[in-house]
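# Fold and geometry: a report
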Amino acid sequence: MTLLTYLRRKLGLTGTKLGCAEGGCGACTVMISKFHPHLKCIVHHAVNACLAPVCSLHHCAVITVDGIGTVASRLHPVQERIAKAHGSQCGFCTPGMVMSMYTLLRNNPEPSMVDIEEAFQGNLCRCTGYRPILEGYKTFAKVLDFGLWYCALMYDPSKFIPLDPTQEVIFPPELLNLGKQPPRQMKFKGERVLWIQPSTLTELLDLKSHYPESKLVVGNTEVGMPMKFKNLLYPVILAPAYISELNSVQHTKQGIVFGAACTLTLLGEVLRDAVAKLPTYQTEVFKAILEQLRWFAGKQIRNVAVCLEQTIIKYCFKFGAVLMDDNFFPGYRKTALKPEEILLSIEIPYTKKGQYFSAFKQSPRQEDDIAIVTCGMNVVFKEGSNIVEKILLSFGGMAPTTVIPKTTCKKLIGSAWNEKLLEDACASLAEEMVLPPSAPGGMVPYRRTLTLSLFFKFYLTVKHYLAVDLQHEAVPPGQSSEDFVGRPIMHLSALKQATGEAVYCDDIPCYENELHLALITSTKAHAHILSIDTGEAMTVPGVVAFVFAKDIPGSNITGPAFYDESVLAEKMVTCVGHIVGAVVADTQAHAQRAAKVVKITYDELKPIISIQDAIDSQSFYQPVRTMKKGDTAQGFKDSDHILEGEIHIGGQEHFYLETNCTVAVPKGEDGEMELFVSTQTALVAKALGVPANRIVCRVKRMGGGFGGKESRSIILSTVVAVAAMKRPVRCMLDRDEDMLVTGGRHPFLGRYKVGYMTSGKIIALDVTFYANAGNSKDLSFSIVERALFHMENSYNIPHVCGTGYMCKTNLPSNTAFRGFGGPQGMMVAESWMSDVALACGIPSYEVRRMNLYNEGDLTPFNQRLEQFTIGKCWEECLDISNYMKRQGAVEEFNRQHRWTKRGLSIIPTKFGISFTSVFLNQAGALVHIYTDGSVLLTHGGTEMGQGLHTKMVQVASRALGIPCSKIFISETSTNTVANTSPTAASASSDLNGMAVYNACQTLLQRLEPYKVKNPKGSWEDWVNAAYFDRVNLSANGFYKTPDLGYNFDSNSGRAFNYFSYGVSCSEVEIDCLTGRQKTLHTTIVMDVGKSLNPAIDIGQVEGAFMQGLGLFTLEELHYSPQGSLLTRGPGMYKIPAFGDIPVELQVSLLRDSPNDKAIFSSKVLGEPPLFMAASVFYAIKDAITAARSESGLSGPFRLDSPATSERIRNACEDRFTKLCPPAEPGTYTPWAVRV
Ligand SMILES: Cc1cc2nc3c(=O)[nH]c(=O)nc-3n(C[C@H](O)[C@H](O)[C@H](O)COP(=O)(O)OP(=O)(O)OC[C@H]3O[C@@H](n4cnc5c(N)ncnc54)[C@H](O)[C@@H]3O)c2cc1C
Ligand code: FES
Ligand code: FES
């Protein structure tokens, strides 16, 4: 059992969250303290509770977020600062952030900025964009420095509770005594596993020969994963962490010897110390290891993991010593160790004069990511010369084991370190470092090119040695201090989120007779189901029942807009991950174990996986949408030039930190049921065969949604509800299940033809979108429509024609995701804009500027642009970013650097606000005033971190004229506000805000006579007087957006209530050899009207921007050619981490731009700023353009999204890429296909 399960299920300490169960997100971070018998002191470490076996914690004290402070008693400064610095939105990552920072401060109450940044390497947040978290926590730093993030502080750091280290919980004295006693062997026997913790080396060796198949476990960061995800069982586990020989550190004449149980954190500390003390020539390997450690996992992993599988040089096993060369790893995850042998220590040698050593790691994300290619390179020169005496190159990522290109190494011996050697080495490496085109992991040409590029980096490094031996608008003057609209008030739940007291769906205490549910899903993309065998699953202890399609009492047909899918697959499966059934058991572990052994036999059919497959077989959902304005044929005739191109935009996983969860509780009569759900919308009654009035869905808050919980959560809720007809049933999906079954952002292919003048002015556009919709229509129709509504982004094109296809494929149905097709439509627009600029040879900012709309222009859907502020945003963005000066500096930099290039880009956005399905543009609210004057507010929107409840309280506060503290929102529920629209389309604060305002107005009118009668009275006086006068103090509010109704056939009617606008500028630097990129600067100017809450709005801008940064530069979903998702967790799927924040970030809200179309002149902005990250993508494209010009290449070129290191490297064509051409398509089966 893991510590996390123990904390949450056995102790009911639900502050610590489950985000991934694989050590990749940090939501489960806790502090573990122990008396270290060998260091003879108490050590505190942040660890991932989801990986830590409870058995390994004997002698340890565990402190969780629940234990360091509460809202009611005393907040810990770490909890207070993240909340007040607006670093908690949905709050699901917050307890983990708090505990990482708390642990750092326990070890070092005055940390440096670097310490703080390092402390968060293992924590992910999907909402905030990270800046406010770091900013709040930097107030603990010895030297306060807010770095290069320009955002006005919307809190007062001088009012923070000071940190007082003397007030911390002490290490329990009984554990201290226990730790000082001689160690003794311990055994723990579980349901299936025997865990033995030997106390001496002799005991360990005896046990290993007695149980040769036993598994040694130290940090469990390697072994824990297959046990959890592949159902692997190790019946005997030996835990050698307390054996003194395995924890020792010895300095010898040759190097430093580390016991095999020394953690990576300890290894780093010792090596850092040695580098500071020893002559530099001796510590070449140490420095290279330290550099690698920076990028090795996160802090929590390094605190417990040992350095077994890494690159180290020499190790001792049992009592012999062996060199760690390519013979050490005979196969994937295999070592030369025999079953009865153990590894005792690892020796890391000193280097000598004339010896140079470098290590490189290229991964999709720099921080906390597994390498694509990694290498260690060692060269020794003949004394006083540049002639190679010995050279050893060793590569990871090029085969199942480490590869040493022996032929190349041999060839280089005796050569001088010069261009000729480089040429020879590259030619030889290109021949020797081959990979089959279908190699697991894909990216074959890139990986091959990397071996050359990394060698080139080593070459340059050695050659060098040889040669030298944010702002916001203040509220208007005179605004009452009790009017909270426009003030940056903190997210109302932030403090509870920081203490772990905020309750999410799975934190609801277990019901006495509750059962747990696990899904049975298809392993085939397209097949008839022949049989389902539950025989073996039934033998798993605790299994109570199975649920299949035949068990659904009502209708098995479902869907949010079109009823074209089934709750449970019956005769046929249409994607890998299609839900076929479910197992219900006494615990989650038993339910999951049983689900994994249900055997389904299939008759397989040919699947359609990618957009290209769908085009080839004309597999489209109907209707195909077209939007047309002007005469494109004439437009092309009138143009000086025409160009054609295409861009593919990859999909994206929502990666909300809280996965989908439902607890269903039957009420025992009349078919009533209560559902606690993490959803943006709720629909289950149909499947239960009862009227909707019997089902109450309750949502307290969600740990993020981003569209992923709009429609896809319905299926899970329905399955759980069906299983819960007799007893309460709970299911919170594991991260891998959630990623597998719920679908994500639609991948898009955009094909375009543009007619333009030599000046860069665009005359005509014909664009076709293909969206990979997956195995059901879900919301794809509206998503493709929104792409068409945004196909021209912010540019005035006289003749436009856009067509949108929904590709019907055998992938899990793709669905709503922040932006809802808008970002894809605009991304294609920026691709043709970039092509036109490159073809004309005119700077892209000039071409973009000359084509921008002006006030009063008509869009392709004939909506007139009023209060059009893009021009203003553009000028402000140029000004704040110092664009022209920056442009000059970029050009100068690129002249001076051959292998590093910089790029710059400025991109506008115009985002339509309203649901395009007109009926959804309605909202309700219910407001009760109690006799003590307190107000209970309910509205139709759900809280998922976006601060909706906070804004609604602000609206009610202004409308009623009372402080926010008198108003409370408990939850969203279908029995208080019925028939709610999904909390989506960025429209929730507009719609619900107006509904709340409407309800408040009704109440105010009812109170008015009592105010008139007693003008000097208080709110409570008026409420009381009204109550005793028998006045109804509850009111409903309702709002529908007026004048909406676009018609595609006539291309007329208003599609949107208004538009949100923004402009962003980014500067990036790329490493042309590896493709690594860094965002150096971003300025964002957003028009948010008159902000309801600038702190929340800036949080939305930054969070959306970072999500866009992930979409356009980093996040890649890989599918096998058979349609199976290969990237099912944070280990394989990389969202931006702390290290990905732009070095310089400036977010600014446009001043003086009230919006007369929404509540209190505000504008919504949940979705619009996401596209601002396109400026990073096009800055990368600009930098690649500079790199290509070095190879004599000019003009338009294709760059698909995301611009990963692989794509950047491949686009920077040069002599190395030419040596590693891709294999001919169709001649091999690739590891992954582009969908
Ligand atoms: C989120 C995350 C990120 C990661 N990032 C990286 C990364 O960036 N780079 C990377 O290389 N790896 C990474 N890993 C993999 C893993 O952390 C490392 O391989 C780590 O070194 C394993 O150490 P551990 O103590 O946790 O191993 P454990 O899981 O405890 O055991 C690892 C293996 O070593 C064996 N073993 C342990 N001690 C001995 C001994 N004395 N003698 C013989 N065999 C022994 C075990 O039987 C087991 O097979 C990551 C893992 C996670 C979960
Ligand atoms: S839940 Fe433990 S790291 Fe994600
Ligand atoms: S606040 Fe960090 S994930 Fe939501």
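- Looking at an unreviewed UniProt entry, one finds the chain named xanthine dehydrogenase and attributed to Denticeps clupeoides.
- We quote the UniProt Subunit (unreviewed entry) comment for the chain here in full: "Homodimer."

## Quick notes on the nonpolar core
- The biggest cluster of nonpolar side chains holds 247 residues, and the ones touching the most others in it are Tyr137, Trp417, Phe455, Leu517 and Trp832.
- Broken down by element, the residue count for this core peaks at ten residues, all from helix H14 (residues 444-468).
- The contacts of Trp417, once residues within four sequence positions are left out, are Val379, Phe381, Asn386, Val388, Ile391, Phe455, Phe458, Tyr459, Val462, Lys463 and Leu466.
- Counting 57 residues, the second largest nonpolar core, distinct from the first, contains Leu201, Leu290, Ala297 and Leu343.

## A few points about the environment of Cys575
- Position of Cys575 among the secondary structure elements: in the loop between strand S22 (572-573) and strand S23 (579-585).
- On the basis of relative accessible area, Cys575 is assigned to the buried category, the value being 3%.
- Sequence separation between Cys575 and Thr972 is 397 residues; the distance between their C-alpha atoms is 33 Å.
- Discounting chain neighbours no more than four positions away, the residues touching Cys575 are Ser522, Lys524, Ala525, Asn775, Asn810, Leu811 and Pro812.

## Some thoughts on the UniProt feature "domain: FAD-binding PCMH-type" (unreviewed entry) in the chain
- Under the UniProt annotation, "domain: FAD-binding PCMH-type" (unreviewed entry) lies at residues 188-305.
- A helix fraction of 38% and a strand fraction of 16% characterise residues 188-305, whose end C-alpha atoms lie 22 Å from each other.

## What about the pattern of salt bridges?
- Following the criterion strictly, the structure yields 51 salt bridges and no others.
- Put simply, Arg8, Arg9, Lys17, Asp506, Asp507, Glu514 and Arg730 are held in one network by salt bridges that share partners.

## Focus: the packing of helix H2 (residues 77-84) against helix H3 (residues 94-107)
- H3 packs onto H2 with a crossing angle of 130° between their chain directions and a minimal axis gap of 9 Å. Viewed along their axes, H2 and H3 adopt a mutual orientation that is oblique. Like other packed secondary-structure pairs, H2 and H3 cross with a definite hand, here right-handed. Together, Val78, Gln79 and Ile82 of H2 and Thr94, Met97, Val98, Met101, Tyr102 and Leu105 of H3 make up the contact between the two elements.

## Notes on unusual backbone geometry
- With an omega of 0°, the peptide bond running from Gln622 to Pro623 counts as cis.
- Looking along the chain, the bond that leaves Ser1201 and enters Pro1202 is cis, with omega of 5°.
- Along the polypeptide, Pro1202 turns up in the loop between helix H32 (1174-1190) and helix H33 (1205-1211).
- Look at Phe655: it is not a glycine, yet its phi comes out positive at around 50°.
- Even without a glycine there, the phi angle at Phe820 is positive, about 55°.
- Residue placement: Phe820 occurs in the loop between strand S33 (799-808) and helix H24 (822-840).

## Describing the packing of aromatic side chains
- By the definition in use, this model includes 42 aromatic pairs.
- Consider the rings of Tyr770 and Tyr805, whose centres lie 5.0 Å apart with planes at 15°: the pair is stacked. With Tyr770 in strand S32 (residues 762-774) and Tyr805 in strand S33, this pair connects stretches of sequence that are 35 residues apart.
- The structure contains a cluster of three or more aromatic residues connected by ring pairs, namely Tyr356, Phe381, Trp417, Phe455, Phe456, Phe458, Tyr459, Tyr465, Trp899 and Phe1216.
- Over the face of the ring belonging to Tyr281 we find Lys353, whose NZ or CZ atom lies 5.0 Å from the ring centre.
- It is Arg902 that lies over the ring of Phe893; its NZ or CZ is 3.8 Å from the centre.

## Describing the UniProt feature "binding site: FAD" (unreviewed entry) in the chain
- Within this structure's numbering, the places UniProt gives as "binding site: FAD" (unreviewed entry) are Leu216, Val217, Val218, Gly219, Asn220, Thr221, Glu222, Val223, Phe296, Leu343 and Lys361. Across 146 residues in sequence, these annotated residues place their C-alpha atoms as far as 27.4 Å from one another, rather than forming a single compact spot.
- Mapped onto the secondary structure, Val218 falls in the loop between strand S7 (215-216) and helix H8 (224-229).
- Assessed through its relative accessible area of 24%, Val218 is described here as partly exposed.
- Beyond its immediate stretch of four places on either side in the chain, Val218 contacts Pro240, Ala241, Ala261, Val304 and Val306.

## A word on the packing of H24 against H32
- Put simply, H24 and H32 touch, their axes get as near as 11 Å, and they point 30° apart. One element, H24, and the other, H32, form an angle in the roughly parallel class. H24 and H32 meet at a crossing whose hand is right-handed. Contacts between H24 and H32 involve Met827, Glu830, Ser831, Ser834, Asp835 and Leu838 on the former and, on the latter, Ala1174, Phe1177, Tyr1178, Lys1181 and Thr1185.
- Residues that form the contact of H24 with H32 fall into these classes: five nonpolar, three polar and three charged.

## Quick look at the sheet that holds strand S30 (residues 729-732)
- Strand order in this open sheet of eight strands is S19-S23-S17-S30-S27-S28-S29-S38, and the pairing throughout is mixed. Two strands in the sheet have a free side with no partner beyond their single neighbour: strand S19 (543-547) and strand S38 (972-973).
- Packed on one face of the sheet, helix H21 (residues 713-723) meets strand S17 (515-521), S19, S23, strand S27 (661-666), strand S28 (673-677) and S30 and runs near 30° to S27.

## Overview of the sheet that holds strand S39 (residues 1034-1040)
- Strand order in this open sheet of four strands is S37-S36-S35-S39, and the pairing throughout is mixed. At either end of the open sheet lies a strand with only one pairing partner, and these are strand S37 (967-968) and S39.
- Where strand S35 (residues 922-929) meets strand S36 (residues 935-939), five bridges bridge the pair, whose relative direction is antiparallel. Residue His928 lies in a different strand from S36, and its bridge partner there is Leu936.
- Packed onto the sheet, helix H29 (residues 988-1013) meets S35, S36 and S39 and runs at close to 140° relative to S39.

Reading the values: rules and limits
- Residues numbered from 1 in each chain as written.
- Chains lettered and ligands numbered in written order.
- Predicted model: local features only at pLDDT ≥ 70, side-chain atom pairs only at ≥ 80, totals over all residues.
- Heavy atoms only, no water.
- UniProt positions renumbered as here; feature names shortened; annotations may be inferred.
- Core = buried A, V, L, I, M, F, W, Y, C linked by side-chain atoms within 4.5 Å.
- Buried < 20%, exposed > 50% of the residue type's maximum accessible area, 1.4 Å probe, protein only.
- Helix = DSSP H or I, 4+ residues; strand = E, 2+ residues; numbered from the N terminus.
- Contact = heavy atoms within 4.5 Å.
- Salt bridge = Lys/Arg side-chain N within 4 Å of Asp/Glu carboxyl O.
- Axes fitted to C-alpha atoms, helices over the stretch in contact; angles between N-to-C directions.
- Parallel < 35°, antiparallel > 145°, perpendicular 65-115°, else oblique.
- Left-handed = near helix turned anticlockwise from the far one by under 90°.
- Phe/Tyr/Trp six-rings, centres within 6.5 Å; stacked < 30°, edge-to-face > 60°.
- Lys NZ or Arg CZ within 6 Å of the ring centre and 35° of its normal.
- Nonpolar A, V, L, I, M, F, W, Y, C, P; charged D, E, K, R; others polar.
- Pairing = 2+ DSSP bridges.

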